[in-house]
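So you can see what is in the structure, the chains are spelled out below.
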Amino acid sequence: MISTSSLSRKMNPLPFLARSFGSPINILITVVFAGILFFALPPLVRWAITDAAFFPAIPETCKSASGACWSFVIAKHSQILFGIYPDGERWRPLLVCALLIGMLIYSVRPSAWSKRLAWVWAGGLGLSWWLMGGGIGLANVESDLWGGLPVTLILTVVAIGLGFPTAILLALARRSKLPVIRLLATLFIEMTRALPLLSILFIASIMLPLMLPEEILPDKFFRALIALYLFASAYLSEVIRGGLQAIPKGQFEAGEAIGLSFAQLQAKIILPQAINVVIPALTNTIIVMIKNTSLVLVVGLFDLISSGKAALADPEWSSPSIETYLFITLIYFILCFGFSRFADRMEQRAKAPVK
Amino acid sequence: MTDDNSAPAVTLSNVEKHFGSFQALRSVNLDVARGERIVICGPSGSGKSTLIRCINQLEQHEAGEIRVNGREVGSEPAQLEAIRREVGMVFQSFNLFPHLTILENCALAPIWVKKLPKADAEAKAMALLERVRIPDQAHKRPGQLSGGQQQRVAIARALCMEPSIMLFDEPTSALDPEMVKEVLDVMLGLADDGMTMLVVTHEMGFARQAANRVIFMDQGEILESAPPDQFFANPQHERTKTFLGQILH
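Each value, and the rule that gives it
Residues numbered from 1 in each chain as written. Chains lettered and ligands numbered in written order. Predicted model: local features only at pLDDT ≥ 70, side-chain atom pairs only at ≥ 80, totals over all residues. Heavy atoms only, no water. Salt bridge = Lys/Arg side-chain N within 4 Å of Asp/Glu carboxyl O. Helix = DSSP H or I, 4+ residues; strand = E, 2+ residues; numbered from the N terminus. Buried < 20%, exposed > 50% of the residue type's maximum accessible area, 1.4 Å probe, protein only. Pairing = 2+ DSSP bridges. Axes fitted to C-alpha atoms, helices over the stretch in contact; angles between N-to-C directions. Contact = heavy atoms within 4.5 Å.

**A look at the pattern of salt bridges**
Alright, step 1. What the rule picks out here adds up to 24 salt bridges over all chains.
Alright, step 2. When the shortest N-O distance is used, the salt bridge between Glu 238 of chain A and Arg 174 of chain A registers 2.9 Å. On the criterion of sequence distance, the pair formed by Glu 238 of chain A in helix 11 (residues 220-245) and Arg 174 of chain A in helix 8 (residues 149-174) is long-range, its members being 64 residues apart.
Alright, step 3. Ionic pairing is found between Glu 256 of chain A and Arg 84 of chain B, a salt bridge with its closest N-O pair at 3.9 Å. Here Arg 84 of chain B lies in helix 2 (residues 77-86) and Glu 256 of chain A lies in helix 12 (residues 249-257), a pairing that spans two chains.
Alright, step 4. One network of salt bridges, with partners in common, ties together Arg 174, Glu 190, Arg 193, Glu 238 and Arg 241 of chain A.

See the structure below:
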């Protein structure tokens, strides 16, 4: 059994039991983890399910229960998800979330990648802006009142969506033969990377209003968005530059020899290969950027985490913060894990011998 | 178009090129007639690759003049565009685009540079893949092909732009011996069709069979230039004799 297990593991997946008890080390690992589960699982299930409070979603339900207070999350889900957005208008951020998530799912399939997709996104983001802010038939909602999931989604999608093409241009500029262009790109990237995101957000939200006259000052949300966008561009561009450096000189020469222009050479030959090389590093940076959007709370924007915090301040409830943060964690996990799965598929696609 | 139909295919006059302090080309003069097939040989570092790479401006010459079909070659964008439509190139290490299929490799430039409709470009690419005898590999990626097959695709890719001149930079040097012949056969076929060819190679069999002229280069200079019979039977220069002695055993 012991001697065959390592051999046959490669040839065909062994049944679960054989894998778990195939060798002394496997037996040990199995026993230890079974022990941990044996002691940890029952109390967890009791807390999260059997002793937990669900309905009716009022404070009294939680007071009589010894487990988790899910009633709070159920009662306050709209405030956690949408922050201090006016009560009667919350269908608008809900629609925005559905729209953005729908477009993300639509865009995942390579067959959807065309010029039309850019128009779909331009239209979708314009529509989101109108739904969130109002005007033309909808009540005005100042961006100070925006909050929760739509803020997180808009900041993420716009900062990365605009940051990625900008990063490509910055990476190419930093490798340019023209010294001025190279210097400017290097200066921007190094300056942005040398500053913590927090300080860039503070500059955008506190120092900019001191320097600019009020008439031309973009609002707080827009300033934070620009800060995140610049930050994402600088980081992504260095990842992409790493990929560009991995492409052999012969690829450039072959492209030039068949007459491709600089832009065609980059778009058709160099960048597709360079980006394929750095998919894992890009995924890493983008996931960090998704989570970085939560830092906007320091400049007074209500992202998902700060809306959750605000909901917890209700004195009628006993502040079930673990439950609230678990709920928020779940949303972040879905976003980040979803993106990581997408990146994995892209990597498989790049490796596949034939499309 | 300023192409002059009576002008030679390629003219080099007093072409010079340095890499740092190393002089790669010393006042090189060469006329290549239309339809002429020239084999360039010489020891490594003698400037033979640099010479053909200057013709399509993968390297920029520093002095002298290069003309292709009567038109001056330079590094201005318009000049580059014109020259690369006229001149195809095949590299030692194939340099196929690994993320594209064989067919996409070939149809790319016709679609993007010549703005042919995709269907026409692919039909043309398929016709050329037939000619280099690998149409059945059209939907694979380069990594799935042998070296010889890849080099034949590289030839088809260059031919897709319908060049009037083909440059070959040691096209068989990176190949396993048993694959050299399949590539040389394709090149012989091209020669039979009257393509103007400049071939840097040590395949003296190819030189004997297909070349109108063999050129020997050493230290950035053209030392000897003669029809193959004369070149092999009666080399004039001492260094040519030594070189031939080394490669012909």
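From this point, the narrative continues.
**Notes on the pairing of strand 6 (residues 87-90) of chain B**
Residues and elements named next belong to chain B.
Alright, step 1. On strand 6, burial covers both faces: Val 87 and Met 89 on one face and Gly 88 and Val 90 on the other are all buried.
Alright, step 2. Of the pairings in the sheet, the one linking strand 6 to strand 7 (residues 165-169) comprises four bridges and is parallel in character. Looking across to strand 7, one finds that Val 90 is bridged to Phe 168.

**Re the sheet that holds strand 7 of chain B**
Residues and elements named next belong to chain B.
Alright, step 1. What the six strands build is an open sheet, ordered 6-7-8-3-9-10; its pairing is mixed. Both edges of this open sheet fall to strand 6 and strand 10 (221-226), since each of them pairs with a single strand only. For this sheet the average axis-to-axis angle between neighbouring strands, irrespective of direction, equals 20 degrees.
Alright, step 2. Both strand 7 and strand 8 (residues 196-200) contribute to a ladder of five bridges, which runs parallel. Paired with Ile 165 across the two strands is Thr 196, which belongs to strand 8.
Alright, step 3. Across the face of the sheet, helix 2 comes into contact with strand 6 and strand 7 while running at roughly 65 degrees to strand 6.
Alright, step 4. Helix 5 (residues 147-159) rests against strand 6 and strand 7 of the sheet, and its axis sits at about 170 degrees to strand 6.

**Quick look at the environment of Val 73 of chain B**
Residue and element names in this part refer to chain B.
Alright, step 1. Tracing the backbone through its elements, the reader meets Val 73 in the loop between strand 5 (71-72) and helix 2.
Alright, step 2. Classification of Val 73 as buried rests on a relative accessible area of 3%.
Alright, step 3. A sequence separation of 17 residues divides Val 73 from Asn 56, and the C-alpha atoms of the two residues are 7.9 Å apart.
Alright, step 4. The residues contacting Val 73, other than those within four sequence positions of it, are Cys 54, Ile 55, Gln 57, His 61, Ile 66, Arg 67, Val 68, Gln 79 and Ile 83.

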